[in-house]
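Descriptive structure summary
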Amino acid sequence: MSAAAAPDTARSGRWRVDTDPERVERDLTCLVLTLVELVRQLVERQCVRRMDQGDLSDEQIETLGLTLMRLEEAMTELCEHFDLSPSDLNLDLGPLGTLLPVD
């Protein structure tokens, strides 16, 4: 909420939210890409665990590796398209730290 909205709040007793359509679109894009990146990293970790446990055949490992590389490339392209950096996707959760691990 901007400082300009404060006088209206005092007079009308209601809150006003100033919205910028371009910022809303960017923030929504950032949120969606953050969720996709979180799921991608979780799937990648699960694949590594299964590989370490010997649960996957060589063919499955090859397929998963290729799929995960392509997904990472797609995420990189999307971030570039929307002018976002990997740090933009790492939400700060306050005392809990960040959502995604920092490499």
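As a starting point, this report considers the structure included with it.

Reading guide: rules and limits
- Residues numbered from 1 in each chain as written.
- Predicted model: local features only at pLDDT ≥ 70, side-chain atom pairs only at ≥ 80, totals over all residues.
- Heavy atoms only, no water.
- Core = buried A, V, L, I, M, F, W, Y, C linked by side-chain atoms within 4.5 Å.
- Buried < 20%, exposed > 50% of the residue type's maximum accessible area, 1.4 Å probe, protein only.
- Contact = heavy atoms within 4.5 Å.
- Helix = DSSP H or I, 4+ residues; strand = E, 2+ residues; numbered from the N terminus.
- Expected span 1.5 Å × (residues − 1).
- Salt bridge = Lys/Arg side-chain N within 4 Å of Asp/Glu carboxyl O.

1. Quick notes on the nonpolar core
Core analysis: the biggest nonpolar cluster contains 7 residues, these being Cys30, Leu33, Met75, Cys79, Leu84, Leu89 and Leu100. Residues in contact with Leu84, not counting those within four places in the same chain, are Arg26, Thr29, Cys30, Leu33, Cys79 and Leu89.

2. Topic: helix H3 (residues 58-81)
Between its first and last C-alpha atoms H3 spans 35 Å; for 24 residues at 1.5 Å apiece the expected length is 34 Å, and the two agree. Listed as buried for H3 are Leu68, Met75 and Cys79. Taken together, the buried residues of H3 touch helix H2 (21-53) and helix H4 (86-89). Of the residues one or two after H3, Asp83 is the one with positive phi, at around 55°.

3. Here we look at the pattern of salt bridges
In total, this model carries 4 salt bridges according to the counting rule given. We note a salt bridge from Glu44 to Arg40, for which the minimum N-O separation is 2.9 Å. In this pair, Glu44 and Arg40 both sit in helix H2, 4 residues apart, roughly one turn of the helix. Relative accessible area serves as the criterion here: at 6%, Arg40 is assigned to the buried category. What emerges from the salt-bridge pattern is a single network uniting Glu37, Arg40 and Glu44.

This is a description of form; function is not addressed.
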